[in-house]
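Letter by letter, the chains look like this.
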Amino acid sequence: MDDNSTRDRIRALVQDVLDKALPPEGESGQAIGTSSRFVDTAPPTTSSDTTATRDESSKTVITEDDIRDLTNGASLRIDEAARLTPLAADLVREKEIKIVRRVSRRGSKTSRLIAVGADHGGFKMKEELKAFLKGLGHQIHDFGTNSEDPVDYPDLAYAVARSVAEGTADLGIVIDGAGVGSAITANKVPGIRAAACYSVAVARNSREHNGANVLSLGSKTISSAEMREIVQAWLGTELTEERHRKRVAKIQAVERQYLC
């Protein structure tokens, strides 16, 4: 038997198997002899799918476009380190979206991206702070200043605060002589809750009770050792209790009244 004859027999056998495997016309909505030979076993997609859990865990920044078409009460799965833009966070609250953070199989990440900035009076402490943060395993975005030449603290505080508000940094730390001016400036940026802290107790309170996302330090009011203790306590404390979350939500509601 030649090769051509063998190929013809195989083709005929395969065609016979396929013809017998196809459903009769009407059962699948497609008649025998049409181009497709696949039976659709997937459930039909409906508009109600927006209420299911959406997975955006591949993204590092979640924007309002990722949330806008979700229905009220839907769930959004994101990476444990992902950040929400201010507008996205507002939509989450308005739609009562449940955020589900995907935790890495290697365990929860402790490293954060921290924006730091200081005027000339806080320059030396900022350099000490950077070394300390790196030793703790954090990443740093340094907005300056880079010397003890006089500069204006609002410029540096604003740069750090804006980075946090836009979600390009997890948290921010600003330093000037007293820590007050930088805190006032940072708090002018929507979405920022800056706290000037002079002790470990205040640092913990600012995070646990107020959800502070920017820490302001005074280089002339604390020592280098106190700075390290305050920073470590501040980074190690989270806003977890519902009663405190409710009060922070009221702070945010006040802020929204003055947004254009």
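Structural notes, computed from the coordinates. Note that the structure is a prediction, hence the values are computed from the model and not measured.

## What about the nonpolar core?
Here is step 1 of the chain: One finds L129, L133, I173, L215, L217, V231 and W234 to be the most contacted residues of the largest nonpolar core, which totals 22 residues.
Here is step 2 of the chain: For this core, the secondary-structure elements that each account for two or more residues are β6 (113–118), α3 (123–135), β8 (171–176), β10 (214–218) and α7 (224–235).
Here is step 3 of the chain: Ranked by the residues each element gives to this core, the list is headed by α7, at five residues.
Here is step 4 of the chain: For I173, the contacting residues outside a window of four places in its chain are I114, A115, V116, G117, L129, L133, V160, L215, L217, V231 and W234.
Here is step 5 of the chain: Listed in part, the 13 residues of the second largest apolar core include A161, A165, A186 and V189.

## Quick word on the pairing of β10
Here is step 1 of the chain: Counting buried positions along β10 gives five out of five residues, so the element sits mostly inside the fold.
Here is step 2 of the chain: Both faces of β10 are covered, namely the face carrying V214, S216 and G218 and the face carrying L215 and L217.
Here is step 3 of the chain: Sheet topology places β8 next to β10; five bridges connect them, and they run parallel. Looking at the pairing, I175 lines up with L217 of β10.
Here is step 4 of the chain: Direction of pairing for strand β9 (residues 194–196) relative to β10: parallel, over a ladder of three bridges. Directly across from A196, in β10, lies its bridge partner S216.

## Considerations on the pattern of salt bridges
Pairing is possible between side chains of opposite charge, provided their charged atoms come close.
Here is step 1 of the chain: Within this structure, the stated rule accounts for 12 salt bridges.
Here is step 2 of the chain: The salt bridge partner of D90 is R256, with a shortest N-O separation of 3.9 Å. Of this pair, D90 sits in helix α2 (residues 86–95) while R256 is found in helix α8 (residues 242–256), placing the two residues 166 residues apart along the sequence.
Here is step 3 of the chain: For D90, a relative accessible area of 17% puts it in the buried group.
Here is step 4 of the chain: Linking R112 and E238 is a salt bridge whose minimum nitrogen-to-oxygen distance equals 2.2 Å. In this pair, R112 sits in the loop between β5 (98–102) and β6 while E238 sits in the loop between α7 and α8, placing the two residues 126 residues apart along the sequence.
Here is step 5 of the chain: Shared partners join several salt bridges into a network, and the residues in it are K126, E127, K130 and D142.

## Considering the sheet that holds strand β7 (residues 139–142)
Here is step 1 of the chain: Strand order in this open sheet of five strands is β7-β6-β8-β10-β9, and the pairing throughout is parallel. At either margin of the open sheet sits one strand with a lone partner, and together these are β7 and β9. Across this sheet, the average inter-strand angle for adjacent strands is 25°, counted without regard to direction.

## Here we look at the pairing of β7
Here is step 1 of the chain: In the sheet, β6 pairs with β7 via four bridges, with the strands oriented parallel. If you follow I114 over to β7, its bridge partner there is I140.
Here is step 2 of the chain: In this view, the connection linking β6 to its parallel neighbour β7 by way of α3 has right-handed handedness.

What counts, and at which threshold
Residues numbered from 1 in each chain as written. Predicted model: local features only at pLDDT ≥ 70, side-chain atom pairs only at ≥ 80, totals over all residues. Heavy atoms only, no water. Core = buried A, V, L, I, M, F, W, Y, C linked by side-chain atoms within 4.5 Å. Buried < 20%, exposed > 50% of the residue type's maximum accessible area, 1.4 Å probe, protein only. Helix = DSSP H or I, 4+ residues; strand = E, 2+ residues; numbered from the N terminus. Contact = heavy atoms within 4.5 Å. Pairing = 2+ DSSP bridges. Salt bridge = Lys/Arg side-chain N within 4 Å of Asp/Glu carboxyl O. Axes fitted to C-alpha atoms, helices over the stretch in contact; angles between N-to-C directions. Right-handed = clockwise from strand over helix to strand, strands pointing away.

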